[in-house]
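Observations on the three-dimensional arrangement
Chain by chain, the residues run as shown.
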Amino acid sequence: MSSLLLKVISIIVSFEIVPITIGYISSEQYGIWITISSIVAWLSYFDIGFGGGLRYRFAESKAKQNYTLAKSYVSTTYALIALSFFLLGAFALIANHYLDWCIILNLSASLKITLRTTFALFIICFCSNFVFQTIFTVLEADQMSAKADLIKTLGNIFTLIVIIILSYTTEGNLKFLVFAFSFVPSLVTFIASIYFFHTKELKIFSPSLRSIDFSLTKNILGMGIKYFAITSVMFIIFQFINIIITRELGPENATVYNVAYRYYNLLLMASLIILTPFWSATTEAFVQKDFKWLSSALNKLEKLELILLIVGFIMFAFSNVFFSLWLGNKVYVPISISFFVFLQIACQLLPQCYMYIINGTGKLKVQLIVYSVFAILAIPSLYFLCKWFGIPGISSYITLLFVTMTFFCRKQVRLLTSGMSKGIWNK
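Below: a short report on this structure. Because the structure is predicted, anything quoted here is derived from the model rather than measured.

Cut-offs applied
What you see as residue numbers is a count from 1 along each chain, following the sequence as written. Per-residue local features are limited, in this predicted model, to residues with pLDDT of at least 70; the limit for side-chain atom pairs, both in listing and counting, is 80 or more; totals at the level of whole chains, interfaces and linings are taken over all residues. Excluding hydrogens and water, the side-chain values take into account all heavy atoms of the structure. One speaks of a salt bridge when a side-chain nitrogen belonging to Lys or Arg is within 4 Å of a carboxyl oxygen belonging to Asp or Glu. Strands are runs of DSSP state E lasting at least 2 residues, helices are runs of H or I lasting at least 4, and numbering of each runs from the N terminus. Burial classes: relative accessible area under 20% of the type maximum marks a residue as buried, over 50% as exposed, and values in between as partly exposed (1.4 Å probe, protein chains only). Polar contacts, as used here, are pairs of N or O atoms within 3.5 Å; protein pairs need one atom able to donate a hydrogen and one able to accept it. Residues neighboring in sequence count only if both atoms are side-chain atoms. Contact definition: two residues touch when any of their heavy atoms are within 4.5 Å.

Considering all chains together, one arrives at six salt bridges under this definition. Between Glu 248 and Lys 387 there is a salt bridge; the shortest N-O distance is 3.6 Å. Of this pair, Glu 248 sits in helix α11 (residues 241-249) while Lys 387 is found in helix α17 (residues 365-389), placing the two residues 139 residues apart along the sequence. For Glu 248, a relative accessible area of 27% translates into the label partly exposed.

Here it is, written out as structure tokens:
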């Protein structure tokens, strides 16, 4: 119940941030900001699956009551991620110094210095935050997702407060926006990490230099590399969307797409509230071969996802009213774009309950194959669909991806939860 309340608060805050941010800068600059944040977010896919590997191994160690090993997994993962993102951040900063973002994003040359500085600040904050947010993985793996939600909600609240202060004290500035959106939540996560690792529940798993064991890297990556492979191909599909829209349709349309996506993404956020605890619980049940629990959990989750789809249709029916109340005349979202983005999110919602059960078992090969096929075709397909049909073309491709994913994941999860999976369905 506390997790639900925190998610609701976080959703309200995140929606309030959008009109205030657009009012602070402009619709065009907001589109540029969204594109910048999407590009820097690519760095997150270079954790090589450490987070996913930690989540599985931590839950597995706890299920076997090997707490010393669980602590070593936490400590080693922190060390590996810190080292990886220090090197990656340094490389990104060097590359940023030589790249001309105005040419890459097809923007005015007058923004060259601003974009370079903004990217540099964001890279530093982002890499630091990626190390700190390992606490989220530990909390969720220990089935304490409400505490992870608390940290994220506090980060959003303080970000909103800073943006409100900026809107009254300064003129629109992308560099100040980086401070609000990346440094502030990073600081909140850092402080929260220190606090939670001193609580009774997590103190025994608190990271320490003595518990770092790099021989565990293979175990972490052995499972984590599967999650990394999936997130890598997802990166190709999703992270190019804002760049393609910005280049082909202009940053204002990137704003329109992201506004519509943020609205319907409420469905996915609601789904995550339900599904997040099931990942680690599934790992524990699968290790103990409790197929009866897995089957029962799946049936309940399917019914809940159906309810969310019905809610989605209601959201679409009132979307114009909501956008008008939310954004006024700052951004106009055509009904055609609203419909196709809704369709995209609805179809993205379909396989979620299956994917979370599968992720908990670590049997990811089927997902990887489907994502890989669509990733190979993604860049040319997204480019031409955007050029010919605009944002509806982009959404149609993502819709097709998740309809395909639903078909294959549903079949696999039925086999896994009955203990009858063989061959590729068990890899």
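Once that is clear, we can look at the side chain of Arg 57. Along the polypeptide, Arg 57 turns up in helix α3 (residues 50-63). Polar contacts involving the side chain of Arg 57 include one to the main-chain carbonyl oxygen of Asn 219, which spans 3.0 Å.

Counting through the fold element by element, Thr 153 comes out in helix α8 (residues 145-169). In this structure the side chain of Thr 153 is engaged in a polar contact, spanning 2.7 Å, whose partner is the backbone oxygen of Asp 149. Leave out the neighbours within four places in its chain, and Thr 153 touches Leu 6, Ile 9 and Ser 10.

Here the focus is the environment of Cys 409. The topology assignment puts Cys 409 in helix α18 (residues 391-417). Relative accessible area serves as the criterion here: at 0%, Cys 409 is assigned to the buried category. Taking C-alpha positions, Cys 409 is 26 Å from Asn 219, a pair spaced 190 residues apart along the chain. With near-sequence residues (within four places) excluded, Cys 409 lies in contact with Tyr 354, Met 355, Ile 358 and Gln 367.

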